[in-house]
Amino acid sequence: MEKIVHEEGSCTRRIEIKVSSAEIEEKYNSILNNLVKSAEIPGFRQGKAPRSIIEKKYGSAVIEEIEEKFIQDAFKETVIESGLIPLVPAEVQGEPQIVFGEDFHFTILVDVKPEITIREYKGISLTRKVRKLSDEDIDNVIESICKRHGSLAPVEGRASQAGDFVFVDFYPDGEDEPSKRLFQLDDSATVVLLDKNAGDTVEGHFEFPPDWPDGDLAGGIFDAKVTILELKELVPAELDEEFISNFGEDIKGVDGFRAHIRAEMEAAARDDAEKELRKNIRTELAQRNPIDFSDRIIEEELLYTIRKNWNIDELTPEQIDEIKSNIRSQIATGMTASFVIDEIAKIEKIEVSEDELKEHVAQIAKANNIKPDALYGHFKKEDKLDDVRNDLVAYKVLDFVIENAQITEE
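Reading guide: rules and limits
Residues numbered from 1 in each chain as written. Predicted model: local features only at pLDDT ≥ 70, side-chain atom pairs only at ≥ 80, totals over all residues. Heavy atoms only, no water. Pairing = 2+ DSSP bridges. Helix = DSSP H or I, 4+ residues; strand = E, 2+ residues; numbered from the N terminus. Core = buried A, V, L, I, M, F, W, Y, C linked by side-chain atoms within 4.5 Å. Buried < 20%, exposed > 50% of the residue type's maximum accessible area, 1.4 Å probe, protein only. Contact = heavy atoms within 4.5 Å. Polar contact = N/O pair within 3.5 Å; in protein donor to acceptor, adjacent residues only side chain to side chain. Expected span 1.5 Å × (residues − 1). Axes fitted to C-alpha atoms, helices over the stretch in contact; angles between N-to-C directions. Parallel < 35°, antiparallel > 145°, perpendicular 65-115°, else oblique. Patch = residues over 30% accessible without salt bridge, like charges linked within 9 Å, V, L, I, M, F, W, Y side chains within 5 Å. Areas by Shrake-Rupley, 256 points an atom, 1.4 Å probe, with all protein chains shown as cover. Salt bridge = Lys/Arg side-chain N within 4 Å of Asp/Glu carboxyl O. Lys, Arg positive; Asp, Glu negative; His and termini not counted. Charge placed at Lys NZ, Arg CZ, Asp CG, Glu CD. Left-handed = near helix turned anticlockwise from the far one by under 90°.

Quick word on the sheet that holds strand S2 (residues 12–19)
- If you walk across this open sheet you meet the four strands as S1-S2-S4-S3, and the pairing is antiparallel. Strands with a single pairing partner mark the edges of an open sheet, and in this sheet they are strand S1 (2–8) and strand S3 (91–92).
- In this sheet, strand S4 (residues 104–111) lies alongside S2 in antiparallel orientation, the contact comprising eight bridges. In the sheet register, Thr12 faces S4, and the bridge partner there is Asp111.

Quick look at the structure:
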């Protein structure tokens, strides 16, 4: 078998293979002779059927088998001999077929890990933008907390308005019996129930958005009759000492509660800023160290992403193409950043020890209320420990880049 590897761009290798007619004949005869010894043909004892009958019955299948065998062997041998690292399944060009008495020629396209030249990753100028919090921000959060811990009280002396809650008999057209529902009124989905009172019956059109809290109605469109059984309003919790004590014994008074909320919000703002900084670093590394991926590698990653985030079987070809178009740039940047980060890890000898890996898994377990040993065992059983390790290596690389960057705080 002769193999010639041609470079086509930074990622694609075109492998031309020639199998001599003598090799084909030898392989064919070897398989057929084994069949002659083992085949069970009606009218003949096992191993006694004439070769001509065996060849007539199994010859075409044997040819298909050795075609596949030569293609697989050629690919494996070339990968080993050339040190190629395929990133996507290899592609056999055309439909090569064996013809007796002739050499067997075929071509395989292989898209491989590109050679990466790292140009810039130290001394990068970056900006860490931490959101500044105003007193109004704190007020809004405290108001939201009080509402979240509030209670429903009957509405008195007025008709319904947006934000109120109504307990209703919901009677869609075509349904024999009404269902009891709780709606929080708004000026769109339940607009026909505004300016009404308990006991009123209304007939109208309802279009519930996909994120409507009642899953049975979310995304639904109904013409329905509705009877308001109860009309209630949300009464926020009072910001008194008893309420404040629920958030910590050391928090005293309204000022102390505001300070507590501000500290939590500032910590969250710092976390958000750090996440955004790391995201920007990945983009910056990709832009400073571009990689020319082949179309097939990008296409494979696009399909993987779509299968992971969408039910691809329910998408039309047009929808799939639109999604690809929308995420192509993002996917290419993400792939480039990942390869560059891997290369930086090698250059800087950034690794993750077994103890660091276990500690990282323990942190993930704690965040998800899982026993660390159980989660570690799950990752090991599912063969995902390397993925977790690689994620941690990438995090340490970004730490390294940040430590060696010129960061401006805003």
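Focus: the nonpolar core
- With 46 residues, the main nonpolar core has Ile281, Leu285, Phe293, Leu357, Val361 and Val397 as its most contacted residues.
- Going through the elements one at a time, helix H5 (253–288), helix H6 (295–309), helix H7 (317–347), helix H8 (354–367), helix H9 (372–381) and helix H10 (385–403) are the ones with two or more residues in this core.
- Each residue touching Phe293, except ones within four places of it in the same chain, is listed here: Cys11, Pro114, Ile298, Ala332, Met335, Thr336 and Phe339.
- By size, the runner-up hydrophobic cluster in this structure holds 25 residues, among which are Ile31, Ile41, Ile66 and Phe106.

Points about the side chain of Asn289
- On the secondary structure map, Asn289 appears in the loop between H5 and H6.
- Separated by 2.5 Å, the side chain of Asn289 and the backbone nitrogen of Arg119 make a polar contact.
- A polar side-chain atom of Asn289 sits 2.9 Å from the main-chain carbonyl oxygen of Glu120.
- Discounting chain neighbours no more than four positions away, the residues touching Asn289 are Thr117, Ile118, Arg119, Glu120, Thr336 and Val340.

Some details on H5
- The terminal C-alpha atoms of H5, which comprises 36 residues, lie 52 Å apart, in line with the 52 Å expected from a rise of 1.5 Å per residue.
- Buried residues of H5: Gly253, Phe257, Ile261, Met265, Ala269, Ala273, Leu277, Arg278, Ile281, Leu285 and Ala286, and no others.
- On the buried face of H5, the contacting elements are strand S5 (125–128), helix H3 (135–148), helix H4 (241–244), H7, H10 and strand S11 (406–409).

A word on the pairing of strand S10 (residues 221–235)
- With four bridges joining them, strand S6 (residues 151–154) and S10 adopt antiparallel strand pairing. For Ser151, the partnering residue across the bridge sits in S10 and is Val235.
- With seven bridges connecting them, strand S9 (residues 201–207) and S10 associate as antiparallel partners. Each bridged residue has a counterpart across the sheet, and for His205 the counterpart in S10 is Asp223.

A word on H3
- Helix length check: H3 (14 residues) gives 20 Å between terminal C-alpha atoms against 20 Å at 1.5 Å per residue, within 8%.
- The complete set of buried residues in H3 reads Asp137, Ile138, Ile142, Ile145 and Cys146.
- Structurally, H3 contributes buried residues whose contacts are with H4 and H5.

Focus: the packing of H3 against H5
- Remark: H3 packs on H5, axes separated minimally by 10 Å, with the N-to-C direction vectors making an angle of 105°. Put simply, H3 runs roughly perpendicular to H5. The residues of H5 that touch H3, namely those facing Asp135, Asp137, Ile138, Asp139, Val141, Ile142 and Ile145, are Phe257, Arg258, Ile261, Arg262 and Met265.

Thoughts on a negative patch on the surface
- There is a patch of like negative charges on the surface, built from Glu382, Asp383, Asp386, Asp387 and Asp391.
- With respect to the helices, strands and loops of the structure, Asp391 is situated in helix H10.
- Taking the relative accessible area as the measure of exposure, Asp391 reaches 55% and is therefore exposed.

Points about the side chain of Ser294
- Structurally, Ser294 is set in the loop between H5 and H6.
- Discounting chain neighbours no more than four positions away, the residues touching Ser294 are Cys11, Thr12 and Asp111.

What to know about the packing of helix H1 (residues 21–38) against helix H2 (residues 51–82)
- One way to put it is that H1 packs onto H2 with a least axis distance of 9 Å and a crossing angle of 130°. As summarised for this structure, H1 and H2 are arranged oblique, according to the angle between their axes. Remark: the crossing between H1 and H2 carries right-handed chirality. Taking contact as the criterion, the partners of Glu23, Ile24, Lys27, Tyr28, Asn29, Ile31, Leu32, Asn33, Leu35 and Val36 in H1 are, on H2, Arg51, Ile54, Glu55, Tyr58, Gly59, Val62, Ile63, Glu65, Ile66, Lys69 and Phe70.

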